[in-house]
Structures are given as structure tokens and as C-alpha cells.
Amino acid sequence: EGRRWLGRLLDDPRAPESVLAKALNGAGNLALAQGDYDDATLRHRAALRILRRLGDARAMAGTLSNLGLGASDRGDWETAERCFAESLSLFEELG
């Protein structure tokens, strides 16, 4: 249900990029919780692209952590470590 509602928001061409990034991250989190790792990864990566463009370091750190969790759940330790390391670095810079 939640993924369907977020999907409607993601289809709205009037939604600001910051809102789209939050919706993508939320949809990715729901997909992750439901074990849909491919969709979660796609949504989190799309959110991360927007957040990098916007320069939102705090949201980037959170999204990278989400990507790390998904990679860890799949047993992709190398990707998980890379995502967690970048996330930690951003959080440390933010204080």
C-alpha cells in the first residue's frame, strides 16, 4: 500500500526534486523491508543521484546507509562496506 502511494507521488511531474528524493528513499526502504532488493537498490540509487545534485549531505549519508543495508542483506559485503564508509564519512563531516 505504501509503495503504491509513493509511486503516485513519484509520477507527479510537479514534485520538487527534494520531495522526489525523500519519496524514492522511502519507497526504497519499504521495498527493502519487503525483501525486494532490486527495487530497493534502484530507488535508493535514484534518490542518491538527486541528493548529490542538490548537495544534501545529511540525506546522502542516510541513503548511502540504506544502500549498505540492502547490499548487506544480499551478502554483497564489498558494496555494503563502500556505502557504509561513505555514509560514515559524511556523517562525521556533518558533526
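This is a predicted model, so every value here is computed, not measured. In this convention, every chain numbers its residues from 1, walking through the sequence in written order. Two thresholds apply to this predicted model, a pLDDT of at least 70 for residue-level local features and 80 or more for giving and counting side-chain atom pairs, whereas whole-chain, interface and lining totals are computed over all residues. Calculation of side-chain values draws on the structure's entire complement of heavy atoms; hydrogens and water are dropped beforehand.

Chemist: In this structure, what is going on with the overall build of the protein? I would like to understand it.
Modeler: Only runs of H or I of at least four residues qualify as helices and only runs of E of at least two qualify as strands under DSSP, and these elements are numbered from the N terminus. The secondary structure content of the protein amounts to five helices and zero strands. Going residue by residue from the N terminus, the α and β elements of the protein occur as α-α-α-α-α. Counting every position in the protein, which comprises 95 residues, the buried fraction comes to 37%. In these tables, accessible area is a Shrake-Rupley quantity obtained with a 1.4 Å probe, and a residue counts as shielded only by the protein chains included in the view. Accessible surface computed for the protein: about 5,700 Å², of which carbon and sulfur atoms make up 53%. Using a 1.4 Å probe on the protein chains alone, a residue whose accessible area is under 20% of its type maximum counts as buried, one over 50% counts as exposed, and one in between counts as partly exposed.

Chemist: For this particular structure, what's the right way to read a positive patch on the surface?
Modeler: Side chains of Arg-45, Arg-49, Arg-74 and Arg-82 sit close together on the surface and give a patch of like positive charge. Along the chain, the position of Arg-45 falls in helix H3 (residues 37-54). On the basis of relative accessible area, Arg-45 is assigned to the partly exposed category, the value being 45%. Patch rule: a residue counts if its relative accessible area is over 30% and it has no salt bridge; like charges are joined within 9 Å, and nonpolar side chains (Val, Leu, Ile, Met, Phe, Trp, Tyr) within 5 Å. Any carboxyl oxygen of Asp or Glu within 4 Å of a side-chain nitrogen of Lys or Arg constitutes a salt bridge here. His is not counted, nor are the chain ends, whereas Lys and Arg count as positive and Asp and Glu as negative. Charge placement uses NZ in Lys and CZ in Arg. For Asp and Glu, CG and CD serve respectively.

Chemist: Can you walk me through the packing of helix H2 (residues 17-33) against helix H4 (residues 57-74) in this structure?
Modeler: Pairs of packed helices are described in terms of their axes, by the angle between the two and the distance that separates them. The convention used is that axes are lines fitted to C-alpha atoms, helices contributing only their stretch in contact, and that angles between N-to-C directions extend from 0 to 180 degrees. Between H2 and H4, whose axes approach to 11 Å, the crossing angle comes to 20°. As judged from the angle between their axes, H2 and H4 are roughly parallel. The two elements H2 and H4 meet at a crossing, and its hand is left-handed. Along its contact with H2, which presents Asn-25, Asn-29 and Leu-32, the element H4 presents Thr-63, Asn-66, Leu-69, Gly-70 and Asp-73. Here the term charged refers only to Asp, Glu, Lys and Arg, the term nonpolar to Ala, Val, Leu, Ile, Met, Phe, Trp, Tyr, Cys and Pro, and the term polar to all other amino acids, Gly among them. In terms of residue class, the contact of H2 with H4 is made up of two nonpolar, five polar and one charged. An angle below 35 degrees is read as roughly parallel, one above 145 as roughly antiparallel, one from 65 to 115 as roughly perpendicular, and any other as oblique. Handedness of a crossing follows from how the near helix is turned relative to the far one, being left-handed for an anticlockwise turn of less than a right angle and right-handed for a clockwise one. In this description, contact between two residues means that some pair of their heavy atoms is separated by no more than 4.5 Å.

Chemist: Would you mind going over the side chain of Thr-41 with me for this structure?
Modeler: For Thr-41, the location among the structural elements is in helix H3. Those residues in contact with Thr-41 that lie beyond four places of it in its chain are Leu-67 and Arg-74.

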